[in-house]
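What follows is the residue order along each chain.
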Amino acid sequence: MALFLAKKSKMCWKFFLFYYFCGEKIKKEMKMKNLLTLGLFAMAFVTTAQAEEQNVNNTTEKSAAEVPEWVKSIKLSGYGMVQYQGTDKEGDSENTFNLRLVRFSAEARPHKDFYAKAQMQVNGNTSEGASAIRLVDLFGEWQKYKFLMVKAGQFKRPFTFENPMHPITQGFMSYSQNVSKLAGFSDRTGEQASNGRDIGIQLQGDLLPDASGHAWIHYQVGVFNGQGINVKDVDNRKDLIGGLWVMPVAGLRIGAFGWTGSRGTKQDDGTVVSTPKNRYAISAEYAKNDWTFRSEYIHSQGFDVAHKKGDKADGVYALCIAPVIQKKLHVKARYDLYRDQKEWGSSKTFYEVGADYVFTKNLQLNLEYARVNERAANLNYNLVDVELDFRF
């Protein structure tokens, strides 16, 4: 509409200038030969202007036609998470503002059956010092069939329900401890901070859909380097990770995951040491009508050679997010336990409560309080976390 009005305005200005400079002649002719002359002048002007407008439209349509469809499909987006956190932990108190997470992503469909994504992270949130700009996602996925999709590149490991979740919709001030330590965020094996991702190839799909299109079973299985993001394989041994879950009713899913592989570390003398990773997870979630209940238990066997933390570790969390005002205001609670050596003396537990307020789908405010117990250090302390999350 704006383009149409601009063109019409341009026509009017041309006619005005024409009449201004040629007006006297037109008036004299009108007196001598009546209104026929003015009509002829007007018709000539309008015909010329319409021809010019048609030429502009043809040029615009030709330019639009030359833009490939996959270019039109490109979508740029991102999000940021601004944080304040304070604790009264003895000997390690904290009171600080923080840029928890900033990401920029590009998505496209180079083909109607193919989806691609690239995502950069500007700062780190998984370990101290992980603040460099880095590539976190770069993958393509063939999506022609719902029962068989193939993804290749760098992306989330198919382990646990929580790992693939968006950091904002995950619901709390951080991923649970067991997911962070045993799914490749700040992994207990000493692997670099990788945000739950690795490089490899994965098959996944939905099976047994009913008449409404709801699938009863989902599967996913992948082969990965085992080293984390942006790194080649070191020990030439691959990680095999898979999951299977059933969805008997809408909103409910119950699943199990397995992971076997290793992380390779090259020593100063050139030899390579492989740290085994043998893990499984049991997961359950119900999410419907703005309510969320989720719990996952993870068990791990295989210690880090450098840190000698012990051969086994495990952890469990259980959470509830309840709406006070649908899609607007929520209250929440989470029990989050992690045992770094699978014994109670090594446990660390968060007892969390909080709330969030959703201003719009692109802006959300979160507040949490946690009582933390560290048995190994015989410490109990308080933690407060406030976050402003936004998407663009």
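None of the values given here were measured: they were computed from a predicted structure. (Residues numbered from 1 in each chain as written. Predicted model: local features only at pLDDT ≥ 70, side-chain atom pairs only at ≥ 80, totals over all residues. Heavy atoms only, no water.)

*Asks:* What should I look at first to understand the nonpolar core in this one?
*Replies:* In globular proteins that are soluble, nonpolar side chains generally tend to be buried together. By size, the foremost hydrophobic cluster in this structure holds 25 residues, and its most contacted members are Phe-159, Val-179, Phe-257 and Ile-298. Sequence-distant contacts of Ile-298, defined by excluding residues within four places in its chain, comprise Phe-159, Thr-160, Asn-178, Val-179, Leu-182, Tyr-280, Ala-281, Ala-313, Asp-314 and Gly-315. Membership of the second largest hydrophobic core comes to 7 residues, among which are Met-173, Phe-350, Ala-370 and Val-372. (Core = buried A, V, L, I, M, F, W, Y, C linked by side-chain atoms within 4.5 Å. Buried < 20%, exposed > 50% of the residue type's maximum accessible area, 1.4 Å probe, protein only. Contact = heavy atoms within 4.5 Å.)

*Asks:* Can you walk me through a nonpolar patch on the surface in this structure?
*Replies:* Taken together, the side chains of Val-82, Leu-99, Tyr-357, Phe-359, Leu-363, Leu-365 and Leu-388 present a nonpolar region at the surface, about 550 Å² in accessible area. Positionally, Val-82 belongs in strand E1 (residues 75-87). (Patch = residues over 30% accessible without salt bridge, like charges linked within 9 Å, V, L, I, M, F, W, Y side chains within 5 Å. Areas by Shrake-Rupley, 256 points an atom, 1.4 Å probe, with all protein chains shown as cover. Salt bridge = Lys/Arg side-chain N within 4 Å of Asp/Glu carboxyl O. Helix = DSSP H or I, 4+ residues; strand = E, 2+ residues; numbered from the N terminus.)

*Asks:* Looking at this structure, how should I read the side chain of Lys-277?
*Replies:* Here Lys-277 is to be found in strand E10 (residues 272-288). The class for Lys-277 is buried, based on a relative accessible area of 1%. In terms of polar contacts, Lys-277 uses its side chain to reach the side chain of Asp-239, at 3.0 Å. Setting aside residues no more than four positions away along its own chain, Lys-277 makes contact with Arg-157, Thr-189, Glu-191, Gly-226, Asp-239, Trp-259, Thr-260, Gly-261, Ser-262, Arg-263 and Gln-301. (Polar contact = N/O pair within 3.5 Å; in protein donor to acceptor, adjacent residues only side chain to side chain.)

*Asks:* Honestly, the pairing of strand E4 (residues 134-145) in this entry has me stumped. Any pointers?
*Replies:* Regular strands place their side chains on alternate faces of the sheet. Judged from the 8 bridges that link them, strand E3 (residues 114-121) and E4 form a sheet pairing that is antiparallel. Bridging across to E4, Tyr-115 finds its partner in Glu-141. Sheet topology places E4 next to strand E5 (residues 148-156); 6 bridges connect them, and they run antiparallel. Within the sheet, the bridge partner assigned to Glu-141 lies in E5 and is Lys-151. Where E4 folds back onto E5 in an antiparallel hairpin, the turn is made up of 2 residues. (Pairing = 2+ DSSP bridges.)

*Asks:* I tried to follow unusual backbone geometry on my own but got confused; where do I start?
*Replies:* With the exception of glycine, the majority of residues adopt a negative phi angle, and the majority of peptide bonds are in the trans configuration. The phi angle at Thr-160 is positive, at roughly 75°, despite the residue not being glycine. Tracing the backbone shows Thr-160 in the loop between E5 and helix H4 (177-182). Positive phi, close to 60°, is recorded for Asn-236, a residue that is not glycine. Among the structural elements, Asn-236 can be located in the loop between strand E7 (215-224) and strand E8 (239-246). The class of Asn-236 is exposed, set by a relative accessible area of 65%.

*Asks:* When you look at the side chain of Glu-387 in this model, what are you seeing that I'm missing?
*Replies:* Structurally, Glu-387 is set in strand E16 (residues 379-391). The residues touching Glu-387, leaving out its near neighbours within four places in the chain, are Met-81, Val-82, Gln-83, Arg-100, Met-173, Gln-364, Leu-365 and Asn-366.

*Asks:* What exactly am I supposed to notice about the pattern of salt bridges here?
*Replies:* Where charged atoms of side chains with opposite charge meet at close range, the side chains can pair. Per the counting criterion, the structure on display carries 19 salt bridges. Where Arg-197 meets Asp-137, a salt bridge forms, and the shortest distance between an N and an O atom there is 2.9 Å. One end of the pair, Arg-197, is in strand E6 (residues 197-209); the other, Asp-137, is in strand E4, with 60 residues separating them in the sequence. On the basis of relative accessible area, Arg-197 is assigned to the buried category, the value being 4%.

Just distances and angles here, no functional claims.
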